[in-house]
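So you can see what is in the structure, the chains are spelled out below.
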Amino acid sequence: MYKRITLVNLMFLLLVSLLPSSVVLAQGPSVQHSDPFWQAAYWNNSTLSGSPVLERSESNLDYNWGAGSPGSGVYADGFSARWTRYLDLAAGTYRFTATSDDGLRVYVDGSLLINEWYDHAANTVSADRALSAGHHLVVVEFYENIGDAVARLSWAPVATITNWRGEYFNNRTLSGAPALVRDDAQINFKWDTGS
């Protein structure tokens with residue numbers, strides 16, 4: 001009896017056959033949906049490769065190690081880390097804010113949201129993502145080259161604007177009291193020669 005090979009199966013087999021036999025994919029912690037902690041893994045290389053030298057649960061991702069090490073057995077320079085956690089969120093748009101020195105990447109539900117994967121001094125970036133209600137997998141990857149080491153991530157719902165307060169003046173300098181004040185649902189006007 002012959003089995004039918006689908007295109008997806010064929011592509012997977014081709015990909016696996018092309019990998020060198022010496023390649024070891026990076027391992028990391030496994031995460032449970034109900035776990036309120038970050039599952040952290042640290043490597044003594046900057047590529048998250050091989051077996052981690054330290055694995056532990058961490059309550060938050062807010063570190064400034066300076067020129068020090070994250071923990072016993074981890075180099076002070078030339079290390080990498082991966083934090084994994086599920087966030088149980090209400091539906092809405094969330095702003096993820098990351099600070100790093102050196103490289104940092106943030107994935108939400110498998111999609112790259114923040115990519116600062118290069119050597120740099122402490123730098124903060126933010127990105128917004130609309131999320132449905134429920135559990136969302138967040139993975140943060142970090143590497144430290146030399147010097148100070150900083151890794152931070154926070155998130156918060158983004159306030160949505162339901163109405164704009166419109167104040168209309170009878171002059172171009174916006175001076176004096178407005179001639180009209182009203183709430184506008186959006187800013188999308190074309191008055192031409194009208195008012």
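Summary of the structure given here. The shown structure was predicted, so the numbers you read here are calculated from the model rather than taken from an experiment.

### Structural notes on the overall build of the protein chain
- Along the backbone of the protein chain there are 1 helix and 12 strands.
- For the protein chain, the N- to C-terminal ordering of α and β elements is α-β-β-β-β-β-β-β-β-β-β-β-β.
- Across the protein chain, every contact between residues at least 6 apart in sequence was considered, and the portion connecting residues at least 24 apart equals 61%.
- Approximately 12500 Å² of the protein chain is accessible, and the part contributed by carbon and sulfur atoms is 54%.

### With respect to the sheet that holds strand β10 (residues 149-157)
- Judged by pairing direction, the sheet is antiparallel, and its 4 strands sit side by side in the order β3-β10-β5-β8 without closing on themselves. Looking at strand neighbours, the two that pair on one side only are β3 (62-66) and β8 (123-131), the edges of this open sheet. Sheet twist, expressed as the mean angle between neighbouring strand axes with direction ignored, is 15°.

### A few points about the sheet that holds strand β9 (residues 134-144)
- Taken in spatial order, the 6 strands line up as β2-β1-β4-β9-β6-β7 in an open sheet, and their pairing is antiparallel. One side of each edge strand has no neighbouring strand; the edge strands of this open sheet are β2 (54-58) and β7 (111-116). Pairwise comparison of adjacent strand axes, ignoring direction, gives a mean angle of 15° for this sheet.
- Alignment of strand β6 (residues 103-108) against β7, held across 5 bridges, turns out to be antiparallel. Across the sheet, Val106 pairs through a bridge with Ile114, a residue of β7.

### Observations regarding the side chain of His136
- Relative to the assigned elements, His136 resides in strand β9.
- Judged by its relative accessible area of 5%, His136 falls in the buried class.
- Of note is the side chain of His136, whose polar atom sits 2.6 Å from the side chain of Asp109.
- Each residue touching His136, except ones within four places of it in the same chain, is listed here: Arg85, Tyr86, Leu87, Leu89, Asp109 and Leu131.

### Brief notes about the side chain of Asp102
- On the secondary structure map, Asp102 appears in the loop between β5 (92-101) and β6.
- Here Asn145 takes part through its backbone nitrogen, which lies 2.8 Å from a polar atom of the side chain of Asp102.
- Ignoring sequence-local partners within four residues, the contact set of Asp102 consists of Glu116, Tyr118, Asp119, His120, Phe142, Tyr143, Glu144, Asn145 and Ile146.

### Thoughts on the packing of aromatic side chains
- Taken as a whole and judged by the stated rule, the model has 12 aromatic pairs.
- Aromatic pair Tyr63 and Trp83: ring centres 6.4 Å apart, planes at 20°, arrangement stacked. Taken together, the positions of Tyr63 in strand β3 and Trp83 in strand β4 (residues 79-89) put the pair 20 residues apart, joining distant regions of the chain. For the residue pair Tyr63 and Trp83, the accessibility class agrees, reading buried in each case.
- An aromatic cluster is built from Tyr42, Tyr63, Trp65, Phe79, Trp83 and Phe142, whose rings are joined through pairwise contacts.

### Considerations on the environment of His135
- Mapped onto the secondary structure, His135 falls in strand β9.
- Taking C-alpha positions, His135 is 6.4 Å from Leu89, a pair spaced 46 residues apart along the chain.

### What to know about the environment of Glu167
- As for its position among the elements, Glu167 is in strand β11 (residues 164-168).
- Of the residues examined, Glu167 reaches a relative accessible area of 40% and is grouped as partly exposed.
- C-alpha of Glu167 to C-alpha of Asp184: the two residues are 17 residues apart in sequence and 9.8 Å apart in space.
- Setting aside anything within four residues of it in sequence, one finds Glu167 in contact with Pro178, Leu180 and Val181.

### Examining the nonpolar core
- Core analysis: the largest hydrophobic core is formed by 29 residues, its most contacted members being Tyr42, Trp83 and Phe96.
- At 5 residues, the largest contribution of residues to this core is made by β4.

Calculation criteria
- Residues numbered from 1 in each chain as written.
- Predicted model: local features only at pLDDT ≥ 70, side-chain atom pairs only at ≥ 80, totals over all residues.
- Heavy atoms only, no water.
- Helix = DSSP H or I, 4+ residues; strand = E, 2+ residues; numbered from the N terminus.
- Contact = heavy atoms within 4.5 Å.
- Areas by Shrake-Rupley, 256 points an atom, 1.4 Å probe, with all protein chains shown as cover.
- Pairing = 2+ DSSP bridges.
- Axes fitted to C-alpha atoms, helices over the stretch in contact; angles between N-to-C directions.
- Buried < 20%, exposed > 50% of the residue type's maximum accessible area, 1.4 Å probe, protein only.
- Polar contact = N/O pair within 3.5 Å; in protein donor to acceptor, adjacent residues only side chain to side chain.
- Phe/Tyr/Trp six-rings, centres within 6.5 Å; stacked < 30°, edge-to-face > 60°.
- Core = buried A, V, L, I, M, F, W, Y, C linked by side-chain atoms within 4.5 Å.

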